[in-house]
Amino acid sequence: MKINNKKLENAIVEVTVAFDKEEWKESQKKALNKLSRKVKIDGFRQGKAPVAVVKARIGKGKILEEATDMILQANFAKALEEAKVEPIAQPALSVDKIDEEELQVKILVPVEPEVELGEYKGLEIKKTRVTVTKKEIEEQLANYQSQFAELSVKEGGKVAKGDTAVIDFEGFIDGVAFEGGSGENYPLEIGSGSFVPGFEDQLIGMGVDKEQEITIKFPDDYGAVDLAGKEATFKVTVHEIKEKHLPEIDDELAKDVNVDGIETLADLETYTKEQIKNRKQNEAEAKFSDDIFNAVIENTPLEVPDAMIETELQQMLREVEQNLSQQGLTMDLFQQLTGKTLDDMKAEMREQAEKRVKFNLILSEIVKAENIEVSDDEVDDEIKEIATYYGREFDEVKKLFEGQLGQIRNDLATRKAVQLIKDNVK
């Protein structure tokens with residue numbers, strides 16, 4: 001077996017394997033013997049016909065095909081080992097040359113890319129300074145005010161912005177009712193933006209128990225593709241109008257919010273300020289991390305094989321499915337609601353998946369370059385946190401993760417690499 005390697009783009013190694021003539025002849029002989037056991041030829045007992053007659057009946061092409069399968073099954077792993085390549089995904093194989101005298105195949109092997117580190121220390125990245133304005137606090141207090149508003153029936157009035165109209169509605173496109181376009185006794189707050197743009201505004205001024213037709217156009221990017229960009233007519237009847245009465249922003253509202261330790265409006269304002277500050281700090285930290293993420297990738301040009309991106313896309317889809325499950329949704333229902341296929345979702349996530357693959361490869365190289373190590377105690381501390389989170393005993397959880405301790409160690413090393421980059425930002 002003669003083997004040659006050639007590096008291609010996108011971290012693909014082309015391995016050319018030329019089999020020895022004697023080995024190839026022996027494989028053809030074995031293939032013929034195997035196939036001949038299944039062939040019946042008139043005038044001869046099973047397996048006793050002359051070789052020339054059997055070969056003529058089976059055909060040269062079938063024998064060469066079977067011989068190729070047999071020699072590759074016996075030598076595929078050995079060929080990759082001798083070529084000193086470690087595939088990260090299923091290699092692609094093709095026959096380059098084949099006849100009774102020679103067999104040469106090409107194997108395209110996706111491998112982990114070589115990383116030449118660019119600048120990852122001393123990055124000039126600014127973290128957003130967090131401030132909380134009086135206006136932001138007032139807006140949140142207004143939200144609390146709205147949450148504890150009371151509704152009362154609006155006798156003899158007409159629908160106004162801010163009111164809640166209890167309606168029946170049925171939608172039609174080209175005179176035909178469409179699925180999901182109807183409802184009865186639906187409480188719709190006017191101005192909430194719950195319905196398609198234009199729908200709520202056209203209810204303003206309607207009275208009780210009078211049917212009215214309104215026309216809207218679904219946005220071009222509407223989730224349900226069969227409705228996107230189309231004009232629809234709705235028959236709407238208002239059964240009841242309720243107007244909102246906002247409570248005063250005072251100590252009583254503060255108590256209604258029902259947070260431990262909040263008794264006065266001043267307490268609520270302090271609490272609100274702290275909540276807004278925490279949210280904005282988390283957002284600032286997320287942006288800071290994202291800016292680092294992009295800068296490190298930009299400084300280290302790197303091509304990655306499609307197989308690695310596809311693996312990351314599958315992981316991202318699993319994350320989406322888990323998040324949907326926590327909201328009580330399934331992937332199938334999500335696709336129906338958004339009108340997106342799995343291919344659509346993968347196309348949207350592909351750029352992010354590629355970045356994640358690149359960043360992880362770079363971090364792995366930083367771990368090596370900086371001789372970052374993780375102690376057994378640090379691994380145990382991580383397992384203790386997991387055990388505490390799930391309310392389980394440490395020994396029990398450690399046993400569960402017995403086969404994944406290496407992955408935990410790698411994850412901790414990667415976190416250290418990220419922290420090293422952050423600590424060295426200018």
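Everything below is about the structure shown above.
*Asks:* What exactly am I supposed to notice about the overall build of the protein chain here?
*Replies:* For the protein chain, the helix and strand inventory stands at 12 helices and nine strands. Since a compact globule built from 426 residues should have a radius of gyration of about 22 Å, the 34 Å found for the protein chain marks it as more spread out than a globular shape. Referenced to the eigenvectors of the C-alpha coordinate spread, the extents of the protein chain come out at roughly 105 × 65 × 45 Å. Here the protein chain holds 426 residues, and the buried ones make up 33% of them. Taking the intrachain contacts of the protein chain between residues at least 6 apart in sequence as the baseline, contacts between residues at least 24 apart amount to 67%. Surface exposure of the protein chain reaches about 27,000 Å², of which carbon and sulfur atoms provide 45%.

*Asks:* Hey, could you run me through the side chain of Thr272 in this one?
*Replies:* In this structure, Thr272 sits in helix α6 (residues 265–299). Ignoring anything within four residues of it in the chain, the contact list for Thr272 reads Ile137, Gln140, Leu141 and Tyr144.

*Asks:* What am I meant to see in the layout of surface pockets here?
*Replies:* It is the rolling of a water-molecule-sized probe over the atoms that shows where space remains empty. One number sums up the size of the largest pocket: a volume of about 810 Å³. In terms of lining, the largest pocket is formed by 20 residues, of which the most central are Asn360, Gln407, Asn410, Asp411 and Thr414. Listing elements by their share of the lining of the largest pocket, those giving two or more residues are α7 (306–326), α9 (342–369) and α12 (405–423). When its residues are assigned to classes, the lining of the largest pocket shows seven nonpolar, seven polar and six charged.

*Asks:* Explanation requested: the sheet that holds strand β3 (residues 92–98) in the structure shown.
*Replies:* By definition, the strands of a sheet pair up through backbone hydrogen bonds, in either a parallel or an antiparallel sense. One open sheet holds the four strands; their spatial order is β1-β2-β4-β3, and the pairing between them is antiparallel. The strands lining the two open edges of the sheet, one partner per strand, are β1 (2–8) and β3. Sheet twist, expressed as the mean angle between neighbouring strand axes with direction ignored, is 20°. The pairing of β3 with strand β4 (residues 103–110) spans six bridges and is classified as antiparallel. When the bridges of β4 are listed, Lys97 appears paired with Gln104.

*Asks:* Could you clarify how one ought to interpret α7 in this entry?
*Replies:* A turn of α-helix holds 3.6 residues, and therefore any two residues three or four places apart point the same way. When the terminal C-alpha atoms of α7 are compared, their 30 Å separation across 21 residues agrees well with the 30 Å that a helix rising 1.5 Å per residue should span. Those residues of α7 not exposed but buried are Met308, Ile309, Glu312, Leu313, Met316, Leu317 and Leu324. The inward-facing, buried residues of α7 contact α8 (331–338) and α9. Gly328 occupies a position one or two residues after α7 and carries a positive phi of about 80°.

*Asks:* What am I meant to see in the environment of Asn75 here?
*Replies:* In this fold, Asn75 is placed in helix α3 (residues 60–83). For the pair Asn75 and Leu151, spaced 76 residues apart in sequence, the C-alpha separation works out to 78 Å. Contact partners of Asn75, with chain neighbours within four places excluded, come to Met1, Phe19 and Glu23.

*Asks:* Is there a simple way to think about the nonpolar core in this case?
*Replies:* It is characteristic of soluble globular proteins that their nonpolar side chains tend to be buried jointly. Counting residues in each nonpolar core, the largest one holds 42 residues, and the members touching the most others are Ile125, Ile292, Val296, Leu361, Ile362, Ile366 and Ile421. Secondary structure elements with two or more residues in this core: α6, α7, α9, α10 (376–390) and α12. If one sorts the elements of this core by residue count, α9 sits on top with 10 residues. Among residues more than four places away in sequence, those in contact with Ile362 are Val115, Leu117, Val296, Ile297, Thr300 and Leu302. Of all hydrophobic cores here, the second largest spans 25 residues; its members include Val17, Ala31, Ala67 and Val105.

*Asks:* Just to check I follow, could you spell out helix α1 (residues 21–36) for this structure?
*Replies:* Across its 16 residues, α1 extends 22 Å between first and last C-alpha, which sits within 8% of the 22 Å expected from 1.5 Å per residue. Of all the residues in α1, the buried ones are Trp24, Ser27, Gln28, Ala31, Leu32, Leu35 and Ser36. The arc that holds every buried residue of α1, seen down its axis, measures 165°, which confines them to one face. Along α1, exposed side chains directed more than 90 degrees from the buried face belong to Glu22 and Lys29.

*Asks:* Help me understand a nonpolar patch on the surface in this model?
*Replies:* On the surface, Leu93, Val95 and Ile98 cluster together into a nonpolar patch covering about 220 Å² of accessible area. Considering the arrangement of structural elements, one finds Leu93 in strand β3. Relative accessible area serves as the criterion here: at 37%, Leu93 is assigned to the partly exposed category.

*Asks:* Can you help me understand the packing of aromatic side chains in this one?
*Replies:* The description of two aromatic rings rests on the distance between their centres and on the angle between their planes. Inspection of every chain in the model, using the stated rule, returns 12 aromatic pairs. Their ring planes at 70° and their centres at 5.4 Å tell us that Phe169 and Phe195 sit as a pair that is edge-to-face. One end of the pair, Phe169, is in strand β6 (residues 164–173); the other, Phe195, is in the loop between β7 (176–189) and β8 (211–217), and 26 residues separate them in sequence. Ring geometry for Phe178 and Phe234: centres 6.0 Å apart, planes at 85°, overall edge-to-face.

*Asks:* Would you explain the pattern of salt bridges in this entry?
*Replies:* Two side chains carrying opposite charge are able to pair once their charged atoms lie near each other. Applying the stated rule across the entire model yields 27 salt bridges. Between Lys25 and Glu101 there is a salt bridge; the shortest N-O distance is 3.1 Å. Here Lys25, found in helix α1, pairs with Glu101, found in the loop between β3 and β4; they are 76 residues apart in sequence, far enough to count as distant. Exposure remark for Glu101: the relative accessible area of 39% places this residue in the partly exposed category. When the shortest N-O distance is used, the salt bridge between Lys255 and Glu252 registers 3.8 Å. In this pair, Lys255 and Glu252 are both assigned in helix α5 (residues 251–256), three residues apart and thus about one turn of the helix distant. Assessed through its relative accessible area of 40%, Lys255 is described here as partly exposed. With relative accessibility at 48%, the residue Glu252 sits in the partly exposed group.

Calculation criteria
- Residues numbered from 1 in each chain as written.
- Predicted model: local features only at pLDDT ≥ 70, side-chain atom pairs only at ≥ 80, totals over all residues.
- Heavy atoms only, no water.
- Helix = DSSP H or I, 4+ residues; strand = E, 2+ residues; numbered from the N terminus.
- Rg over C-alpha atoms; globule rule 2.2 N^0.38 Å.
- Buried < 20%, exposed > 50% of the residue type's maximum accessible area, 1.4 Å probe, protein only.
- Contact = heavy atoms within 4.5 Å.
- Areas by Shrake-Rupley, 256 points an atom, 1.4 Å probe, with all protein chains shown as cover.
- 1 Å grid on protein atoms, 1.4 Å probe; cavity = no way out; pocket = protein on both sides within 12 Å on 5 of 7 lines; lining within 4 Å.
- Points joined across faces, edges and corners; volume = space filled by probe spheres on them.
- Nonpolar A, V, L, I, M, F, W, Y, C, P; charged D, E, K, R; others polar.
- Pairing = 2+ DSSP bridges.
- Axes fitted to C-alpha atoms, helices over the stretch in contact; angles between N-to-C directions.
- Expected span 1.5 Å × (residues − 1).
- Core = buried A, V, L, I, M, F, W, Y, C linked by side-chain atoms within 4.5 Å.
- Arc of directions from axis to C-beta.
- Patch = residues over 30% accessible without salt bridge, like charges linked within 9 Å, V, L, I, M, F, W, Y side chains within 5 Å.
- Salt bridge = Lys/Arg side-chain N within 4 Å of Asp/Glu carboxyl O.
- Phe/Tyr/Trp six-rings, centres within 6.5 Å; stacked < 30°, edge-to-face > 60°.

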